[in-house]
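Structural overview
If you want the building blocks of each chain, they are given just below.
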Amino acid sequence: MLRLAAKVVSFFWRKADCPEEEAGPLGPELVEGDTRLKTVQGVVTRYCSDYGMIDDLIYFSNEVVTSKVLLNVGQEVIAVVEENKVSNGLKAIRVEAVSDKWDDDSKSHGGGLSDPSPRVLIGCVTSLMDRAGYISQTTYFSLESVCEGFEPCKGDWVEAEYWIRPGTWSSEAISVKPLRYKRVDRVCVSSLCGRNGVIDDCIFFTLDSLKLPEGYTPRRHDVVSVVVVESSQSCYVWRALCMTPVQTWDFSPATETAEEVCGALLLKNKGDIEVTRMTNFGTLKEGESKNMVIWVENKGDVPQNLVSCKLGGWDKAKQFRFQMLDKAQVCPEVYPICVPEKEKDFADKNINSLDSCGESRTWQTLESSSVNSKEVSSGDCACKGENGVKEKNIPQKQVTESEPDGLIPAGGETRIVITCDAKNSGRCRELLLLCFSSFIIGRYLEVNVVSEEESLIAVREPFSWKKSKSSQVLASTKTTVVVTTQKRNSRRQLPSFLPQYPIPDRLKKCVEQKIDILTFQPLLAELLNMSNYKEKFSTLLWLEEIHAEIELKEYNMSGVTLKRNGDLLVLEVPGLAESRPSLYAGDKLILKTQEYNGHVIEYIGYVVEIHEEDVTLKLNPEFEQAYNFEPMDVEFTYNRTTSRRCHFALEQVIHLGAKVLFPEEIILQPPQVTWNWTHAQDTKRDGQSTSKNRRAVKDQTKHAPEEHQAGAQDTPVPRAATTEASRLGDGSPKAREKFFNPMLNENQKLAVRRILSGDCRPIPYVLFGPPGTGKTVTIIEAILQVFHALPDSRILVCAPSNSAADLVCLRLHESRALRPGTMVRVNATCRFEEVKAIRPYCRDGEDVWKASRFRVLITTCSSAGLFYQIGLRVGHFTHVFVDEAGQASEPECLIPLGLVSDVSGQIVLAGDPMQLGPVIKSRLAMAYGLNVSMLERLMSRPAYLRDEDAFGACGAYNPLLVTKLVKNYRSHSALLALPSRLFYHRELEVCADPTVVASLLGWEKLPRKGFPLIFHGVRGNEAREGRSPSWFNPAEAVQVMRYCCMLARSVSSQVSARDIGVITPYRKQVEKIKILLRNVDLMDIKVGSVEEFQGQEYLVVIISTDPCFGALLEYSITNGVYTGCDLPPELQPLQNGAAASPSPVVPWAPEPPRGAPPTGPCLSASAAVPGCVAAPPCPAEPC
């Protein structure tokens, strides 16, 4: 058969250009094994993991494919084929792809990769190196390809032309330019910290890339003109490219940069004076004291005058003090020894290396001098002369500056006794300045203070997260045992199942082999539009799944034993409480026995219950009874349910079209509800705002043209059908002229009226709700009004998390405005714990068929996919509310949206695009936009953009599409000022109850009375223990506990333990803080992650965290509420009052991704804030 096939394709053969053929023809006689080469062009017709067939005739293996390209069925290739003359067998020895194909989409998305024409990529610069960088993780560019005048930085948004290099099958940009840029004139430098700064509180700059006129260095308050480019820099969206001064301030010595004050030059020995370099006190227990002698030697021929000696004042706890000794003085607590001259000699090349000074003996610390500070005064040091007679006492206070008299003669020396009184736990650094007549020599004084409480939470066992993997047994047989009685949907029976949407093998191989993703899915580089909407998001979802599967494999466990809990088995999974790995009830696990005689038994188990790090499993009953604590290997599997629902929703929402997904123009619809609102002030305001919206609104309503010509006034004449009121309980609709909640403010009422009217449906309406502005209250009112005013309505209310959905359900229950049997809470099949007050609603949600007929349905975005499985489709719901929409990825948000009508349905997205967005773990998926919520994307479209000129009378947004809530009912003005300026255009208004937010303004521990914020810097040591990947910081946890004690046991302002909340992102830190609080009988204080505080308020909040919040740090410093460890030198002028700006904003390194480990040697901070507390980390290490 192969012989016949070879003759058929012989027409396409040609001789290969190779030296063997050029040398001459082969001999006339062919023996077995003789071959000849041919080149053939064909199509891959079969392809497995390591081999394939071309035209079903030519065999090839993966090893012969050039550039490790991942081939697929249908791929066009050119192959060098080897023919065996005896058997006529055909085998490719080289295969090269000549075109690319992504399933069947290549035709609809332009030419294949063989097309040499460049493509356009819109992306963000994700990394930079020497003279080159990468866009969106994978597209390489060199600085030669960047347009003139543009020096890219990480975070810059660019537009690039790229092509696929055939040799490497990787994308490379041939031109790069900024995506957006503009010129901004006469703006003020509002902040400067080290080499980073901020202009006008909104434009980031760094001196590392900023182009400046020669001789000019920007300073705080300078008026400048800048050219800026769009860039993602923490909370800033613009970066300054070049700067020109317009007006500068006179130079003041107090504004010298940290590099000038604390640079390496300061630490060098000068003028033939040599000073001890080893000045680290090591580790001291809290309450101990320790002395150290610093030698100052004059090795020159000229006497040197030591004018003064002083401390830099970095350590506000004043843990260091010193005493100058002359030749006639000896401190009884320090016994100087004779040190050989050669050992006193220091090399300047080691000036910055404290470790290299360990061999020096020019200093001495006496361990015997460690004393308890309770017994000896921190300032008391009695000194004696050489004759042993006591001369005088040092005053009992810290000596921070001394003026010694006399010169240090040539060859002479003097000594300084430094005493450290350990007071504050954590690492501390102070600066000692020796001021001579013509120069200054500095030395750092360092100590690490540990408290007794830290021993309670010390590391119990060494960290060993990476476990040895079970040995791979080749050719081992496998037996799989499943749970015969387990029903995944035991609580509800669903008739249909979602399609699988399998991950394409080529995409998976691309990620695993780290091949450029654009070589296989070029449309990722395109801007999102209707033509690529489904394909792009499908690819991003798959990328996130691939990452999750790879990450999950890292958590596989080997050689573990299970515990018993009755008839069930329990598996301990370290890190589970922090979703590392992420498991839910109903997930599948595979337990494997140890290999025995080449045989392995697999047991399929399902998660029944999760409690902290203990996972209860349902396995085969026989195995559960026979298990005798044998070691098992555990393999976790990824639950694709939510991802499959997202894929399905992508198919369903296409019917919504560009009018919903990419709204351009506003087409007014007849109002859903028309009635007479008796609020003249509101009417007047609406009339002003809508009159300015005429240019942005296109009226296509056939009837009632006068009513809509002015932009949908809110005072229409009531219809007869909607003005007839009826009793609430008689089942008939009632048109209300009052609000259920009479305490709503004007913006909240406006939002409710807009939702009721639905003038622009089905275009999504956005309720922009910063924290504490009553967003949930507004949503509740809107749901109740729609329910009562529109008897034909069916409302679906969703949120990304169970806690947010539960909160909406609870608030609707508490309103008492819904009849029994009208509202249902639909939980996921795997959820077993519900809030007690809403359990009756949850019971009704067990039957999804029955629940789908309720008029108000509340569930999570993911669980809304249950309705697809019972056959519900477009138009089943008239209104869809998505609360906390900024926290859901766009595909997740689409799940409920796919059930609303594309003609008359109304979509309401409530949330805050300025808060944290969706949690996406794949860096590739993030680079191409999966981390941008639908709410954030819509708010960046022209129809939703802020426009103060057009809509200044109604909050700067088109009121037909957006209502921004600005009245804050939660926080004190001191806590609200910074976020208002950073994120909300200074529009947030303080409306909180003064009796609540001002209740602790007189607390004795506040650094500044009347300002309810403390930023406590702690230089602790991060640690991990056992098999848990979670981090904790003992010193920081102790500081949190102490603030809790001070608050709960304050004499003047005692706070109930139930009114204190402690927020920390790491589960191990939660565990350690709970241990400390239990030890002091404060178990009622809630400690948890941010998610656990969803929708809750506390009188005092303590935040224990590690990312650097630079803006909050500088805000705290300038307002005099910073305490704790010493600050970086560049921030010292702020603390010393050198900065004139009352509340500048400092740029800081962008925060690390959630779940990332601590990023520096000095970590977190703890802070207590009466009213609402902020507690970011300690500042970066000085110098």
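From a predicted model like this one, the values you see are computed outputs, not experimental measurements. (Residues numbered from 1 in each chain as written. Predicted model: local features only at pLDDT ≥ 70, side-chain atom pairs only at ≥ 80, totals over all residues. Heavy atoms only, no water.)

Structural notes on the overall build of the protein chain
Condition: Strands are runs of DSSP state E lasting at least 2 residues, helices are runs of H or I lasting at least 4, and numbering of each runs from the N terminus. The classification of residues rests on relative accessible area computed with a 1.4 Å probe and restricted to protein chains. Under 20% of the type maximum is buried, over 50% is exposed, and intermediate values are partly exposed. Any pair of residues with heavy atoms lying within 4.5 Å of one another is described as a contacting pair.
Within the protein chain, the regular secondary structure consists of 28 helices and 55 strands. Buried positions account for 53% of the 1183 residues belonging to the protein chain. Of all intrachain contacts in the protein chain linking residues separated by at least 6 positions in sequence, the fraction that spans at least 24 positions is 75%.

Observations regarding the packing of helix 23 (residues 973-983) against helix 27 (residues 1110-1118)
Note the cut-off: To get an axis, fit a line to the C-alpha atoms, keeping to the stretch in contact for a helix; angles then go from 0 to 180 degrees between the N-to-C directions. Every angle not falling under 35 degrees, over 145, or within 65 to 115 is termed oblique; those three ranges are roughly parallel, roughly antiparallel and roughly perpendicular. Less than a right angle of anticlockwise turn of the near helix away from the far helix marks a crossing as left-handed, whereas a clockwise turn marks it as right-handed.
Direction vectors running N to C along helix 23 and helix 27 enclose 135 degrees, while the axes themselves pass 11 Å from each other. Considered as vectors, helix 23 and helix 27 are oriented oblique to each other. Between helix 23 and helix 27 lies a crossing of right-handed hand. Note on element contacts: helix 27 touches helix 23 through A1111, L1112 and Y1115, opposite A974, A977, L978 and L982.

A word on unusual backbone geometry
At the junction of R761 and P762, the peptide bond is cis and its omega measures out at 5 degrees in the coordinates. Looking at the secondary structure, you find P762 in the loop between helix 13 (746-757) and strand 41 (765-768). You will see that D1081, though not glycine, has its phi angle at about 60 degrees, which is positive. Relative to the helices and strands, D1081 is located in the loop between helix 26 (1067-1079) and strand 52 (1086-1088). Taking relative accessible area as the criterion, D1081 reaches 56% and is therefore assigned exposed.

Looking at the sheet that holds strand 14 (residues 223-233)
For clarity, the threshold we go by: Strands pair, by our definition, only if DSSP identifies at least two bridges between them.
Judged by pairing direction, the barrel is mixed, and its five strands sit side by side in the order 11-12-13-15-14 before closing back on the first. On average, adjacent strands in this sheet sit at an angle of 50 degrees to one another, irrespective of strand direction. Relative to strand 12 (residues 196-199), strand 11 (residues 181-193) runs antiparallel, the two sharing four bridges. Looking at the pairing, L192 lines up with G197 of strand 12.

A short note on helix 25 (residues 1034-1048)
Condition: Expected span, for any helix, means 1.5 Å times one less than how many residues it has. Any pair of nitrogen or oxygen atoms within 3.5 Å is treated as a polar contact; in protein, a donor-acceptor pairing is required on top of that, and neighbouring residues in sequence qualify only through side-chain atoms on both sides.
Between its first and last C-alpha, helix 25 extends 21 Å over 15 residues, near the 21 Å set by a 1.5 Å rise per residue. By the criterion of burial, helix 25 is predominantly enclosed, with 13 of the 15 residues buried. Structurally, the start of helix 25 carries an N-cap: the backbone nitrogen of A1035 is 3.3 Å from a side-chain oxygen of N1033.

Let's talk about the pairing of strand 46 (residues 906-911)
Extensive coverage of strand 46 is indicated by the burial of six of its six residues. Judged by which residues are buried, strand 46 turns out to be covered on both faces: Q906, V908 and A910 on one side and I907, L909 and G911 on the other are all buried. Two strands pair when backbone bridges link them, and strand 41 and strand 46 are joined in this way by four bridges, in the parallel orientation. Residue pairing in the sheet places F768 in a bridge with G911 of strand 46. Where strand 45 (residues 879-882) lies against strand 46, four bridges are found, and the strand directions are parallel.

Some thoughts on the nonpolar core
Spelled out, the test is: Buried residues of nine kinds, namely Ala, Val, Leu, Ile, Met, Phe, Trp, Tyr and Cys, make up a nonpolar core once their side-chain atoms join them within 4.5 Å.
With 112 residues, the main nonpolar core has F60 and V95 as its most contacted residues. The element contributing the most residues to this core is helix 6 (residues 533-553), with seven residues. Core analysis: the next-biggest nonpolar cluster, separate from the first, contains 39 residues, I755, F787, A817 and L965 among them.

Here we look at the sheet that holds strand 44 (residues 856-860)
Working definition: the strands of a sheet are paired by backbone hydrogen bonds and lie parallel or antiparallel to each other. Strand order across the open sheet formed by seven strands is 43-44-42-45-46-41-47, with parallel pairing between neighbours. In this open sheet, the two strands that pair with only one neighbour each are strand 43 (823-825) and strand 47 (962-964). For this sheet, the mean inter-axis angle between neighbouring strands, taken without regard to orientation, is 15 degrees. As paired strands, strand 41 and strand 47 are joined by three bridges and run parallel to one another. Bridge pairing links F768 to K964 in strand 47.

Concerning the pattern of salt bridges
Worth spelling out the cut-off: A side-chain nitrogen of Lys or Arg and a carboxyl oxygen of Asp or Glu constitute a salt bridge if their distance falls within 4 Å.
The full count for this structure, using the stated rule, is 40 salt bridges. When the shortest N-O distance is used, the salt bridge between R1042 and E286 registers 2.5 Å. Here the residue R1042 occupies a position in helix 25, and E286 occupies one in the loop between strand 17 (280-285) and strand 18 (288-298), the gap between them amounting to 756 residues. By relative accessible area, which is 25% here, E286 ends up partly exposed. Where salt bridges share partners, they join R460, E1025, K1068, E1071 and K1072 into one cluster.

Describing the packing of helix 14 (residues 775-789) against helix 15 (residues 802-815)
Contact geometry for helix 14 and helix 15: axes closest at 10 Å, N-to-C directions at 60 degrees. Comparing their axes, helix 15 and helix 14 come out oblique. Classified by chirality, the crossing of helix 15 by helix 14 is right-handed. Contacts between helix 14 and helix 15 pair T776, I780, I783 and L784 from the former with L807, V808, R811, L812 and S815 from the latter.

A word on the packing of aromatic side chains
To describe a pair of aromatic rings, one takes the distance between the centres and the angle between the planes. This is how the line gets drawn: Note on aromatic contacts: the rings of Phe and Tyr and the six-membered ring of Trp form a pair at centre separations within 6.5 Å, being stacked when their planes are under 30 degrees apart, edge-to-face when over 60 apart, and tilted otherwise. Think of it as a cone above the ring: NZ of Lys or CZ of Arg counts as a charge over the ring if it is within 6 Å of the ring centre and within 35 degrees of the ring normal.
Taken as a whole and judged by the stated rule, the model has 17 aromatic pairs. Both rings, one in Y134 and one in Y140, keep their centres 5.7 Å apart while their planes meet at 70 degrees; by these two values the pair is edge-to-face. With a centroid separation of 5.5 Å and 50 degrees between ring planes, the pair formed by F623 and Y627 is classed as tilted. On the basis of relative accessible area, Y627 is assigned to the buried category, the value being 4%. Among the aromatic residues, those joined into a cluster by ring pairs are Y603, F623, Y627 and F629. Above the plane of the ring of W295 lies R415, whose end atom (NZ or CZ) is 5.9 Å from the centre. Over the ring of F662 we find R937, and its NZ or CZ is 4.7 Å from the ring centre.

Here's the deal with helix 8 (residues 641-652)
End to end, helix 8 covers 17 Å across 12 residues, agreeing with the expected 16 Å (1.5 Å per residue, within 8%). Of all 12 residues in helix 8, nine are buried; the element is thus mostly enclosed. What helix 8 keeps buried is the set S643, R644, R645, C646, H647, F648, A649, L650 and Q652. On the buried face of helix 8, the contacting elements are helix 6, helix 18 (866-869) and helix 19 (890-897).

Concerning the side chain of K536
Defined as follows: For the purpose of charge, His is not counted, nor are the chain termini; Lys and Arg are scored as positive and Asp and Glu as negative.
Mapped onto the elements of the fold, K536 is located in helix 6. Buried charge without a salt bridge: K536, with E526 as the nearest opposite-charge side chain at an N-O distance of 7.2 Å. A polar contact of 3.3 Å, which involves the side chain of K536, links it to the backbone oxygen of L524. The contact partners of K536, leaving out residues within four places of it in the chain, are L523, L524, E526, L527, L528 and Y928.

As for the environment of L325
Relative to the assigned elements, L325 resides in strand 20 (residues 320-325). Residues L325 and T414, 89 residues apart in the sequence, show an inter-C-alpha distance of 6.7 Å.

Looking at the environment of T248
Here T248 lies in the loop between strand 15 (236-247) and helix 3 (258-262). Along the backbone, T248 and D222 are 26 residues apart, and their C-alpha atoms lie at a distance of 4.7 Å. When sequence neighbours within four positions are dropped, the list of residues in contact with T248 reads Y216 and D222.

Things to note about the confidence of the model for the protein chain
Formally: Looking at any residue, its pLDDT shows the predictor's confidence there, from 0 to 100.
For the protein chain, the average pLDDT comes to 76, and 74% of its residues sit at 70 or higher. Predicted confidence for residues 1-33 stays below pLDDT 50, and this span has 34 contacts to residues more than four positions away or in other chains. Note that residues 100-114 has pLDDT below 50 and, in this model, 36 contacts with residues that lie over four places away or in other chains.

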